[in-house]
Amino acid sequence: MKKLLQAEAIVPFLISVLLINNLPIHFAWWVWIPIFLIPDLGMLGYLVNNKIGAFTYNLFHHQLVAIVVAFSGMIFKIPYMELAGLVMLGHSSLDRVMGYGLKFNSGFNFTHLGIVGKEKHTA
């Protein structure tokens, strides 16, 4: 099931890329790299604790939040808001393709797609 969830995440990623290309916003190619990584700022919540970290990470990586932001930008004709939502959607989709999912409160490595990174065993 995990592999199926990862595979189907490519569709919203491709949709977000296509929609971003149609926005009236243009940057130098290298600017897209930091823009695409902005949703990972949600990890900063882990500096407080696992519960806050999971909340902030999930807020920046939740696809419904991304769609609401993008749709709001489209409705209110705010291209940068639409861009923000589409970047969130594309970023979170690519994360899921790579096996990173929404986080549980138990720690950064525990996601809805399973444990990521090296599984820690206690002896």
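Residues numbered from 1 in each chain as written. Predicted model: local features only at pLDDT ≥ 70, side-chain atom pairs only at ≥ 80, totals over all residues. Heavy atoms only, no water.

Asker: Sorry, what's going on with helix H4 (residues 50-61) here?
Answerer: An α-helical turn contains 3.6 residues, so any two residues separated by three or four positions project in the same direction. The end-to-end C-alpha distance of H4 is 16 Å, a good match for the 16 Å that twelve residues give at a rise of 1.5 Å each. Those residues of H4 that fall on the buried side of the exposure criterion are Gly53, Ala54, Thr56, Tyr57, Asn58 and His61. Against the buried residues of H4 lie helix H5 (63-75), helix H6 (79-97), strand S1 (103-104) and strand S2 (107-111). For H4, the capping residue at the N-terminal end is Asn49, with a side-chain oxygen 3.0 Å from the backbone nitrogen of Lys51. (Helix = DSSP H or I, 4+ residues; strand = E, 2+ residues; numbered from the N terminus. Expected span 1.5 Å × (residues − 1). Buried < 20%, exposed > 50% of the residue type's maximum accessible area, 1.4 Å probe, protein only. Contact = heavy atoms within 4.5 Å. Polar contact = N/O pair within 3.5 Å; in protein donor to acceptor, adjacent residues only side chain to side chain.)

Asker: Help me out: how do you make sense of the confidence of the model for the protein in this one?
Answerer: Caution applies to low-pLDDT parts of the model: their predicted coordinates are not meant to be read in detail. Taken as a whole, the protein shows an average pLDDT of 93; of its residues, 96% reach a score of 70 or greater. Confidence, read as mean pLDDT per element, is least for helix H1 (residues 2-8) in the protein (87) and greatest for H5 (98). (pLDDT = per-residue confidence, 0-100.)

Asker: Even after reading the chapter, I still don't get the packing of helix H2 (residues 10-21) against H6, so can you show me in this structure?
Answerer: The relative placement of two packed helices is expressed as an angle between their axes plus a distance between the axes. Two numbers describe how H2 lies on H6: the axes approach to 8 Å, and their chain directions differ by 150°. Between H2 and H6, the angle is such that the two are roughly antiparallel. The crossing of H2 and H6 is left-handed. For the pair H2 and H6, the contacting residues are Ile10, Pro12, Phe13, Ser16, Leu19 and Ile20 in the first and Leu83, Leu86, Val87, Leu89, Gly90, Ser93, Leu94 and Val97 in the second. (Axes fitted to C-alpha atoms, helices over the stretch in contact; angles between N-to-C directions. Parallel < 35°, antiparallel > 145°, perpendicular 65-115°, else oblique. Left-handed = near helix turned anticlockwise from the far one by under 90°.)

Asker: Hey, could you run me through the packing of H4 against H6 in this one?
Answerer: The N-to-C vectors of H4 and H6 enclose an angle of 110°; their axes lie 8 Å apart at closest approach. One element, H4, and the other, H6, form an angle in the roughly perpendicular class. In contact with Tyr57, Leu59, Phe60 and His61 of H4, H6 contributes Met88, His91, Ser92, Asp95 and Arg96. For the contact of H4 with H6, a count of residues per class yields four nonpolar, three polar and two charged. (Nonpolar A, V, L, I, M, F, W, Y, C, P; charged D, E, K, R; others polar.)

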